[in-house]
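Report on the structure
Chain residues, written in single-letter form:
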Amino acid sequence: MYFIIDVNAAVYGEYVTSHLYNEKIVSLVYYTIGAGVGGGAVFNGKILQGIGHPEMGHTFVKRHPDNTHFVGICPYHHDCLARLVAGPLLKHD
């Protein structure tokens, strides 16, 4: 088995663990927030990966109308998860 992105290893681990506890999960989605936002998915027991795999960090979200001034960090989109909530956006005082 191989993984195209690191979060696919995490989602597969959750999938396997669910079967160890007899939860019989067949489909699930796993998001991680770090330098960016990544997601992995298992659908009907198979990892979604390969050419055209979903870039879940670039899922578009609707902003609050009073919060349109924040730019974020994604160089491709204005209103995606990666642009709005990725780890480098968190400010430490």
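What this report covers is the structure whose coordinates are included nearby.

A short note on the overall build of the chain
- Helix and strand counts for the chain stand at two helices and three strands.
- Going residue by residue from the N terminus, the α and β elements of the chain occur as α-β-β-β-α.
- Residues counted as buried form 24% of the 93 residues belonging to the chain.
- Sequence separation of at least 24 residues holds for 37% of the intrachain contacts in the chain that already meet a minimum separation of 6.
- In the form shown here, the chain has an accessible surface area of approximately 6,700 Å², with 59% of it arising from carbon and sulfur atoms.

Re the nonpolar core
- In this structure, Val 11, Tyr 15, Leu 28, Val 42 and Ile 47 together form the largest nonpolar core, which totals five residues.
- Those residues in contact with Leu 28 that lie beyond four places of it in its chain are Val 11, Glu 14, Tyr 15, Gly 40, Ala 41 and Val 42.

What to know about unusual backbone geometry
- The backbone of Asn 22 sits at a positive phi, close to 55 degrees, despite the residue not being glycine.
- Structurally, the position occupied by Asn 22 is in the loop between helix 1 (6-20) and strand 1 (28-33).
- Of the residues examined, Asn 22 reaches a relative accessible area of 58% and is grouped as exposed.
- Its identity as a non-glycine residue notwithstanding, Lys 24 has a phi of 55 degrees, on the positive side.
- Looking at the element boundaries, Lys 24 is found in the loop between helix 1 and strand 1.
- You can call Lys 24 exposed: its relative accessible area is 59%.

A few points about the environment of Leu 81
- Here Leu 81 lies in helix 2 (residues 81-85).
- For Leu 81, a relative accessible area of 22% gives the class partly exposed.
- When the C-alpha positions of Leu 81 and Thr 59 are compared, they lie 5.9 Å apart, and in sequence the two are 22 residues distant.
- Those residues in contact with Leu 81 that lie beyond four places of it in its chain are Tyr 31, Val 37, Met 56, Gly 57, Thr 59, Val 61 and Ala 86.

Thoughts on the sheet that holds strand 3 (residues 46-47)
- Overall, antiparallel pairing links the three strands, which are arranged 1-2-3 in an open sheet. On the outer flanks of this sheet lie strand 1 and strand 3, each paired with one strand and no other.
- Helix-sheet contacts for helix 1 involve strand 1, strand 2 (37-43) and strand 3, and the interaxial angle to strand 2 is about 40 degrees.

Procedures and definitions
Residues numbered from 1 in each chain as written. Predicted model: local features only at pLDDT ≥ 70, side-chain atom pairs only at ≥ 80, totals over all residues. Heavy atoms only, no water. Helix = DSSP H or I, 4+ residues; strand = E, 2+ residues; numbered from the N terminus. Buried < 20%, exposed > 50% of the residue type's maximum accessible area, 1.4 Å probe, protein only. Contact = heavy atoms within 4.5 Å. Areas by Shrake-Rupley, 256 points an atom, 1.4 Å probe, with all protein chains shown as cover. Core = buried A, V, L, I, M, F, W, Y, C linked by side-chain atoms within 4.5 Å. Pairing = 2+ DSSP bridges. Axes fitted to C-alpha atoms, helices over the stretch in contact; angles between N-to-C directions.

Don't take any of this as a statement about function, it's just geometry.
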